[in-house]
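Spelled out from the first residue to the last, the chains are:
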Amino acid sequence: MSKETANFEATVQTQHELHHRISQIIDNLKKLSKDEITIHTFDTRLEAIDTYWKSFQTAHTSLIAMQTTEQKSHDYFVNDFFQTCETVYFKTKNDLLARRQELLKSTQSGAHGSPNLSSSSASHNSITCALPKISLPKFSGDYHAWPSFRDLFTSLVVSNVDISPAEKLHYLRNHVTGEAARRISNLAITGDDFQHAWDMLEERYENNRILVNCYLEKLIKVQPLTRKCADEFKDLVATVKEVLGSLETLGYDSWDYFVGYFVEKRLDPDSREAWETHRTTQGYTNEPSAFSEMEEFLEARTRTLEMISPVICDQTSKANKAEAKPKSSVRIHCATTSKSKCSVCAEDHYISRCPVFSAKSNLKRCEVVNTKRLC
């Protein structure tokens, strides 16, 4: 057996040991006497189960990193031992929380002694019934879908005080896919990590600038209707209402943002880069572009271009006009120009082809040229 294989098998054995420890917590609790069961008893076991589970997750990540092609068919992966342990972890932790809550209520009401362990199942069921029946769409990282997913998840899960942070993170991981899932995939399923995971998603997708631009782009891409069709007409109205409603919800339903988006999309690449740099220095990168905010930049950009290239626009215009002239214009001119009369014999030919001129001596030819002012 190679060293890598031995390490792999040893880690798998550790996983089974951690699974056993998690599954035995309730059984060991039942062995305690009534006097030994206190709030502190539950707190220490809740802390222990979280520690076991975090160690299990860390080891699971190591197994994935070291697995070979052959080890992918190992029973650990084939039987999805991670899912098995995860189920035991949540079941055991819920049971501990239910028993702790029962003891706390009995203590506050003046009752003494430990809770009846046999009745813990009913208490656990009451808490389980309080959990929402999650009916959420999967969020894959689409900016359009983020506002509705955020509001629904906040209402059903984040704001529900009956769900522990660890369970909230479990729900969250089960309802994100794609790029969104990858952003929080390396977090352990513990109470401390839920808020961190939720903050990571909000920081990534709570980008009003991208949302507003997406809605405006959707509006601009609406194609003109080419025929009388009720379905197409309804789609047009529905799209416009959807975009306007979304912009109003975000608080960006002013024409200022529409014009800003329109102008921004029509800047040349260099000016667009300069505008993005300007936005970054102003600290509002995640906010949509408003034309009122762009005016000062556009004026400054205009002055800059005028100073560094005062005649570039005029030169470009002349060059375009020159290129626009048909190349055959010279040939057309030559074809339509009538031949000149010979200055010597008045015949219909050029002087260079005149036999009278050719018969003269060089001295006489010079006199003709000077007299006729042909040169």
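Everything numeric here is computed off the predicted structure, so don't read it as measured data.

Visitor: What is the right way to read the overall build of the protein chain from this model?
Guide: Secondary structure assignment for the protein chain yields 19 helices and zero strands. Taking as baseline every contact in the protein chain between residues at least 6 positions apart, the subset at least 24 positions apart corresponds to 65%. A total of about 24,000 Å² of accessible surface is found on the protein chain, and carbon and sulfur atoms cover 53% of it.

Visitor: What exactly am I supposed to notice about the side chain of T92 here?
Guide: Looking at where T92 falls in the secondary structure, it is placed in helix α5 (residues 81-108). Taking the relative accessible area as the measure of exposure, T92 reaches 8% and is therefore buried. Of note is the side chain of T92, whose polar atom sits 2.8 Å from the backbone oxygen of V88.

Visitor: Could you clarify how one ought to interpret the packing of helix α7 (residues 146-158) against helix α8 (residues 165-174) in this entry?
Guide: The contact between α7 and α8 brings their axes to 11 Å, and the two run at 150 degrees. Crossing angle aside, the handedness with which α7 passes α8 is right-handed. Together, F149, F153, V157 and V158 of α7 and K168, Y171 and L172 of α8 make up the contact between the two elements. For the contact of α7 with α8, the residue count by class is six nonpolar, no polar and one charged.

Visitor: What is the right way to read the packing of helix α11 (residues 208-220) against helix α13 (residues 255-264) from this model?
Guide: Relative placement of two packed helices is described by the angle separating their axes and the distance separating the axes. Interhelical geometry of α11 versus α13 gives an angle of 80 degrees and a closest axis separation of 10 Å. In terms of orientation, α11 lies roughly perpendicular with respect to α13. Packed against α11, whose contacting residues are R209, N213, L216, E217, L219 and I220, the element α13 presents Y257, F258, Y261 and E264 at the interface. The residue makeup of the contact of α11 with α13, split by class, is six nonpolar, one polar and three charged.

Visitor: Is there a simple way to explain α8 in this structure?
Guide: Residues spaced three or four apart along an α-helix face the same direction, because each turn holds 3.6 residues. In terms of burial, α8 is largely enclosed, as seven of its ten residues are buried. Looking only at α8, the buried set comprises A166, E167, K168, L169, H170, Y171 and L172.

Visitor: Can you help me understand the pattern of salt bridges in this one?
Guide: Pairs can form between side chains of opposite charge once their charged atoms are near each other. What the rule picks out here adds up to ten salt bridges. The shortest N-O distance in the salt bridge between R150 and D151 comes to 3.1 Å. Taking the relative accessible area as the measure of exposure, D151 reaches 45% and is therefore partly exposed. As a salt-bridge pair, E179 and R204 come within 3.7 Å of each other at their nearest N and O atoms. Taken as a pair, E179 in helix α9 (residues 178-184) and R204 in helix α10 (residues 191-205) lie far apart in primary sequence, 25 residues in all.

Visitor: So what exactly am I meant to see when it comes to the packing of aromatic side chains here?
Guide: When we look at a pair of aromatic rings, we describe it by the centre distance and by the angle of the planes. Scanning the entire structure with this criterion turns up 19 aromatic pairs. Ring centres 5.2 Å apart and planes at 25 degrees place the aromatic pair F153 and W198 in the stacked group. Of this pair, F153 sits in helix α7 while W198 is found in helix α10, placing the two residues 45 residues apart along the sequence. The same class applies to F153 and to W198, which are both buried. Within the aromatic cluster, the residues linked to one another by ring pairs are F8, W53, F56, Y76, F77, F81, F82, Y89 and F90.

Visitor: I'm lost on the nonpolar core in this one. Help?
Guide: Proteins that are soluble and globular tend to have nonpolar side chains buried together. Ranked by size, the top nonpolar core spans 30 residues in total, and within it F149, F153, L172, V176, W198 and L201 carry the most contacts. Within the residue set of this core, elements represented by two or more residues are α7, α8, α9, α10, α11, α12 (230-250) and α13. Per-element accounting of this core gives the leading share, six residues, to α10. A domain split of this core shows at least three residues from each of domain 2 (143-206) and domain 3 (210-308). When near neighbours in sequence (up to four residues on either side) are disregarded, F149 contacts P137, F139, L172, H175, V176 and W198. Counting 23 residues, the second largest nonpolar core, distinct from the first, contains F8, I49, F82 and C85.

Visitor: Would you take a moment to explain a nonpolar patch on the surface for this structure?
Guide: The grouping of L305, M307 and I308 at the surface amounts to a nonpolar patch, some 350 Å² of accessible area in total. Relative to the helices and strands, I308 is located in helix α15 (residues 291-308).

Visitor: Help me understand helix α14 (residues 269-282), please; the structure alone is not making it clear to me.
Guide: Taking 1.5 Å of rise per residue, 14 residues should cover 20 Å, and α14 covers 20 Å from first to last C-alpha, within 8% of that figure. When we look at burial in α14, the residues that qualify are S271, W275 and R279. All buried residues of α14 fall inside an arc of 80 degrees around its axis, so they share one side. Away from its buried face, by an angle of more than 90 degrees, α14 presents the exposed residues P269, D270, E273, T280 and T281. For α14, the elements touching its buried residues are α11, α13 and α15. The opening residue of α14 is D268, an N-cap whose side-chain oxygen sits 3.2 Å from the backbone nitrogen of D270. Backbone geometry just downstream of α14 places G283 in the positive-phi region, at approximately 80 degrees.

Visitor: I'm lost on unusual backbone geometry in this one. Help?
Guide: One can expect most non-glycine residues to show negative phi and most peptide bonds to be in trans. For D80, which is not a glycine, the phi torsion comes out positive at approximately 50 degrees. By the element assignment, D80 lies in the loop between α4 (75-78) and α5. For D80, a relative accessible area of 39% puts it in the partly exposed group.

What counts as what
- Residues numbered from 1 in each chain as written.
- Predicted model: local features only at pLDDT ≥ 70, side-chain atom pairs only at ≥ 80, totals over all residues.
- Heavy atoms only, no water.
- Helix = DSSP H or I, 4+ residues; strand = E, 2+ residues; numbered from the N terminus.
- Contact = heavy atoms within 4.5 Å.
- Areas by Shrake-Rupley, 256 points an atom, 1.4 Å probe, with all protein chains shown as cover.
- Buried < 20%, exposed > 50% of the residue type's maximum accessible area, 1.4 Å probe, protein only.
- Polar contact = N/O pair within 3.5 Å; in protein donor to acceptor, adjacent residues only side chain to side chain.
- Axes fitted to C-alpha atoms, helices over the stretch in contact; angles between N-to-C directions.
- Left-handed = near helix turned anticlockwise from the far one by under 90°.
- Nonpolar A, V, L, I, M, F, W, Y, C, P; charged D, E, K, R; others polar.
- Parallel < 35°, antiparallel > 145°, perpendicular 65-115°, else oblique.
- Salt bridge = Lys/Arg side-chain N within 4 Å of Asp/Glu carboxyl O.
- Phe/Tyr/Trp six-rings, centres within 6.5 Å; stacked < 30°, edge-to-face > 60°.
- Core = buried A, V, L, I, M, F, W, Y, C linked by side-chain atoms within 4.5 Å.
- Domains from an automatic or database assignment.
- Patch = residues over 30% accessible without salt bridge, like charges linked within 9 Å, V, L, I, M, F, W, Y side chains within 5 Å.
- Expected span 1.5 Å × (residues − 1).
- Arc of directions from axis to C-beta.

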